[in-house]
Every structure is written in structure tokens, then in C-alpha cells.
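# Descriptive analysis of the structure
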Amino acid sequence: MDAIWNDLKALAEGVEGRSLVSLFEDDSRAARFSRRLDDMLFDFSKTQIDDAVLSRLIDLARAAGVEARREAMFSGAKINETEGRAVLHTALRAESGPIRVDGQDVMPGVLETRARMAAFADKIRAGEIKGAGGRYSDVVNIGIGGSDLGPAMATLALAPWHDGPRVHYVSNVDGAHIHDVLKGLDPARTLVIVASKTFTTIETMTNAQTARDWMGRAVADPAKQFVALSSAVDLTSAFGIDPERVFGFEDWVGGRYSLWGPIGLGLMLAVGPERFGEFLQGAREMDDHFRAAELDENLPVLLALVGIWHAQVQGHATRAVLPYDQRLSRLPAYLQQLEMESNGKRVAMDGRDLALPSGPVVWGEPGTNGQHAFYQLIHQGTRVVPCEFLVAAEGHEPELAHHHRLLVANCLAQSEALMRGRSLAEARAIMAAKGLEGAELERQARHRVFPGNRPSTTLIYPKLTPAMLGRIIALYEHRVFVEGVILGINSFDQWGVELGKELAKSLEPVLSGASDGRGKDGSTLALVAFARGEG
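From a predicted model like this one, the values you see are computed outputs, not experimental measurements.

### A short note on the sheet that holds strand β9 (residues 190-195)
Taken in spatial order, the four strands line up as β8-β7-β9-β10 in an open sheet, and their pairing is parallel. Two strands bound the open sheet, and with one partner strand each, they are β8 (166-170) and β10 (226-229). Taking each pair of neighbouring strands and ignoring which way they run, the sheet shows an average axis angle of 20 degrees. Bridging between strand β7 (residues 138-142) and β9 involves five bridges; their strand directions are parallel. Across the sheet, Val-140 pairs through a bridge with Val-192, a residue of β9. Along the sheet, helix α8 (residues 175-182) makes contact with β7 and β8, crossing β8 at roughly 165 degrees.

### As for the pattern of salt bridges
According to the stated counting rule, one finds 36 salt bridges in the structure shown. Of the charged contacts in the structure, one is a salt bridge between Glu-397 and Arg-327, with a shortest N-O distance of 2.8 Å. Here Glu-397, found in the loop between β13 (387-392) and α16 (401-420), pairs with Arg-327, found in the loop between β11 (318-324) and α14 (331-343); they are 70 residues apart in sequence, far enough to count as distant. Judged by relative accessible area, Glu-397 falls into the partly exposed class, the value being 28%. One connected set of salt bridges, linked through shared partners, spans Arg-319, Glu-339, Glu-388, Arg-479 and Glu-483.

### Things to note about the packing of aromatic side chains
Counted according to the given criterion, the structure contains 14 aromatic pairs. Judged by centre distance (6.2 Å) and plane angle (50 degrees), the ring pair of Phe-74 and Phe-290 falls under tilted. Taken as a pair, Phe-74 in helix α5 (residues 66-74) and Phe-290 in helix α12 (residues 273-292) lie far apart in primary sequence, 216 residues in all. Given a relative accessible area of 0%, Phe-290 falls into the buried group. Aromatic side chains Trp-363 and Phe-374 sit 4.8 Å apart centroid to centroid with 70 degrees between the ring planes, which places their arrangement in the edge-to-face category. One end of the pair, Trp-363, is in strand β12 (residues 361-363); the other, Phe-374, is in the loop between β12 and α15 (375-380), with 11 residues separating them in the sequence. A relative accessible area of 22% means that Trp-363 is categorised as partly exposed. Through a chain of ring-to-ring contacts, the aromatic side chains of Phe-74, Tyr-257, Phe-290, Phe-481 and Phe-492 assemble into a single cluster. Above the ring of Phe-239, the side-chain terminus of Arg-212 is found at 4.8 Å from the ring centroid.

### Re the sheet that holds strand β2 (residues 40-43)
Taken together, the six strands give an open sheet; going across it, the order is β1-β2-β14-β13-β11-β12, and neighbouring strands pair in mixed fashion. A strand with exactly one partner marks an edge of an open sheet, and here the two such strands are β1 (34-37) and β12. For this sheet, the mean inter-axis angle between neighbouring strands, taken without regard to orientation, is 15 degrees. Strand direction decides the pairing type here: β11 and β12, joined by three bridges, are parallel. Following the sheet pairing, Arg-319 is matched in β12 by Val-362. Each of β11, β13 and β14 (456-461) is contacted by α16, which is oriented at about 160 degrees to β13, the strand it contacts most.

### Overview of the pairing of β8
Here five bridges tie β7 to β8, and the two strands are oriented parallel to one another. Across the sheet, Val-139 pairs through a bridge with Val-167, a residue of β8. In terms of handedness, the path from β7 via helix α7 (residues 149-157) over to β8 forms a crossover that is right-handed.

### Comments concerning the environment of Pro-98
Structurally, Pro-98 can be placed in the loop between α5 and β3 (100-101). Measuring from C-alpha to C-alpha, the distance between Pro-98 and Pro-108 comes to 8.7 Å, with 10 residues separating the pair along the chain.

### A short note on unusual backbone geometry
Across residues other than glycine, the phi torsion is negative in most instances, and most of the peptide bonds are trans. Here the amide bond leading from Gly-97 into Pro-98 is cis, since omega sits at 5 degrees, within 30 degrees of zero. Going from Gly-367 to Thr-368, the amide bond is cis rather than trans, its omega being 10 degrees. With respect to the element layout, Thr-368 can be found in the loop between β12 and α15. Positive phi is not limited to glycine here, since Phe-199 has a value of about 60 degrees. Residue position: Phe-199 is located in the loop between β9 and α9 (202-216).

Procedures and definitions
- Residues numbered from 1 in each chain as written.
- Predicted model: local features only at pLDDT ≥ 70, side-chain atom pairs only at ≥ 80, totals over all residues.
- Heavy atoms only, no water.
- Pairing = 2+ DSSP bridges.
- Helix = DSSP H or I, 4+ residues; strand = E, 2+ residues; numbered from the N terminus.
- Axes fitted to C-alpha atoms, helices over the stretch in contact; angles between N-to-C directions.
- Contact = heavy atoms within 4.5 Å.
- Salt bridge = Lys/Arg side-chain N within 4 Å of Asp/Glu carboxyl O.
- Buried < 20%, exposed > 50% of the residue type's maximum accessible area, 1.4 Å probe, protein only.
- Phe/Tyr/Trp six-rings, centres within 6.5 Å; stacked < 30°, edge-to-face > 60°.
- Lys NZ or Arg CZ within 6 Å of the ring centre and 35° of its normal.
- Right-handed = clockwise from strand over helix to strand, strands pointing away.

Right, dumping it as C-alpha cells:
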């Protein structure tokens, strides 16, 4: 693979500074550097990728063993080698098996749990299962990380299909979060979902106990209004939750990949089992495409290769995800975890230091808000930030179609502006038309120059439906997988999360005064003293 990396570096040097606009002198470029999955179009023509680059990127994916590794994942092999686990979130959205782990078909259990979730959701939504005060009006999902970001993002995204109880999400251990969510709710008509695989996550369990105390002040038996998404049945029973209201999942489902199963219960309660099924179907369609399509026609593979080209080959350290959809406002944060927790590693599978930078910094906000915030840096800053635009051709509010036309126009205009820029000659002409002359004209013109040649991709689709959302999320999941395979890292562990959690446990008694903090550094002790009012 070293030869391919070297070739790609040489190709990057060769195209540096090349005008992106000039590439479109080839009338076929847009068609040749875009791919479709039915009615979803991925356009990567506004990048410096040309035929030679794309060919070597495909060679890179093939040399890294993407195809074999992909099949190993879908077949239940233990590709999470540092934890000795299979990686089978795809099984949570499968329709049938067999899909085997250690020789055991996991699909009967998956389908049984899905059916139990659907039956429970139907009864809650129909008012057959009630709280102490009657039909449930609200649901509070308590989780963190993958037990929060995915379902919170998807629930907001599918707001047009909400016809069940209102669903709220609490994640932060900051008491302000749970306080502000609970303060407007009726405890007698609120269902609480506690989402923690181990039922020991300190932030989640602290919030769960607070919710139970809040409910207990108005409800005789608050545990009857709790549901657990967990595999720790002994601990959920000790909490008082009926085993019939416990929905578990296996260790071959990572937290940030868990939305498709029990962690998605809040979404299912909001939109109903039928719509949730459409969401799973969309993800299955992307799974089938990813598994079957040739590498050069494969959307997840190509999205990953564009990412590799920008981050590891061209050296751009960040990636902006820019959904032109207010209901996808949490998608950048969700993808931030998906990418940065998965591929934010420093050693390869064999334990050796990586020779290349690992995953980029992923960030973003929805358009058009971002245009009035950080787009200034994207257009005129000294660092190049590759941008990934997402937009639906049609909105959900026909009476506001003019809003959506303006939204789409802004999205397409931004990608064009990033590519095209504005030359100094053009800026001079603008200033001259305003009546400026001489040195002042020159000074003002320079402030209005846009360098252009800023790469972007666009993912466009007819409408954001449950099925389309499923496709989009699965697309990005598989993109992360492919990038990880090419970099030679394990995308499915997250040891970097652990150290801070361990230190937090040792600091809590120092803050409370139960420990003197012996062994802590001077800075930490000074901050503790200030927090305790002693500084």
C-alpha cells in the first residue's frame, strides 16, 4: 500500500492550485463524478479528484482489503479485535437470517426484541398502557453518547411523523439538563426510558435516580413508569423495573451504532412501529448496496475515499457537515461522535503507531444559520475546510415551498461559491462600479477576494422520509468503516473515553471533602479548592 499512498501524494501535489472551475470544461464531469442509489445522488465533482486520482483511491481500498473486511463484518466475524467482539449493528435492521456469531444465529433474538418493542410501543401509543395519571403524554429518554445522540437526532429529524407522546432526551449529568426537561412535565403521565447497556453509566444512572425521585414525589410506585434499554437484567430488577419492560441488546452492538434496536425505542414511540420499520428498511437498502456494489459505484466507499483524499492525502484536518435541513440540526453532532469516536485512534490494529493522521475533526451546523456564522472562515480563511452538503429537493410544508426553494438555492450557491471564488480583477470591477479609485479601490477590493478552489460534496435526495434518514445514517456508518479499514485501525472500540471517567470517580470525593486528594497535581487541587469556595 505504501506505493499507492506515495502515488496519491504525488497526484495531490500535481493538482495543487488547479482551478476546480476549469475541470468543468469537460461537460461530462458532473455525471462522471457523481453516483446514485435510486433517488439519492452523491456529487463529488467539486473536488480535485480526477480519473487518475479516483483510480488510485479505488486501488487503495482494494489493497486495504475493504471487500474482505466488509464481508467479515456482515458475516459476524469478530472484527473488533481489541474487545473480541463481532460488529453486527446491521443485524438490528435485517429482516431475516441466518446471521451467526460463534455459530449461533442471532436473528431470532433480534426479531423477538423488535416485535416486543413494537407491541409495547403500540400499547403506549393507544393508551392501553397508562401512567398513574392516565395516558402517557410524555416520554423522557435518559442516556448519553450513543444512547442519546442517535435517537435524539433521529427523533428531531422525523418530526413530521410524530403522532405519539412527546419524546424528550436527557444526557448531560449537569443537573440543569434534567431539571429543565422535567419542570414542565406531569410525573403521573410521564414514561422514563433509561438507556444504558450495563446500567452502570454514572451520568445516566445519576439522572435516572433524579427522575425517579422526582416522580416518586407524585406517584406511589414510580418504577412502574420506567423502561430499561439494557442487558443487565439483575441491575434493572434491583432498580424495580419489570423484566417485561427491559429491552436488551448484545455486546456486538456498539453504542454509537445502536439506534436500530432497543436504543431507538423513543423514536418508535414518537413515530410508531410502521414508520420505524421504514427507517430500518432504508438502512437495509444502503446495507445491500454497500455489500453488493462495485467499489467505484459504491456510495459509502466513494464517500470514504473522498474523506481519505481530503484528510490523509491533502492534509485537511477538519471536515464540515452542513445539512440544509433544520430537522437535521443534530446530524453534525451525531456524525461527530460516529467519526471521531470510531476513527480518532493513534495505533493500528497491530498496536504500532499510525504513520498517517487518523480521523479528521468533524463539525457543522445546519444551513442557512451557518452562513451567518462560520462560513466566513470557510470562504476566506487561510485553512481549507472540505464541506459536505446535504439537502432534500422538497420540504414537508407545501404552503412554505418558497422557503424551501430559497433553502436549496442557498445550499447550491454555497458549493458553487466555494469552488468559484472571486478574483481580484472581479473585486476591482465591483469597487470601481461603486465609484472608488486608486489606493482605496485596491484596498477595498482585496477584502472582497474569495480564493475559491474549496472542495465540497453534495448529497441530494427528494425528501427526508424515515426510509431516507435510514439510508443517510447507514451511508455514514459504512463510510466510517471503510475509512477505518484503509487506515488499518479498529473503528469499534473507544478506549479514549475511559481515562477521564476513571479520574472523575477519584475527584468526586475530593470535591465533597471525603478525600484530601493526595497524589493529585497542583493545578487540579487549586481548581478543586476554588470550586469548594476555598480559593
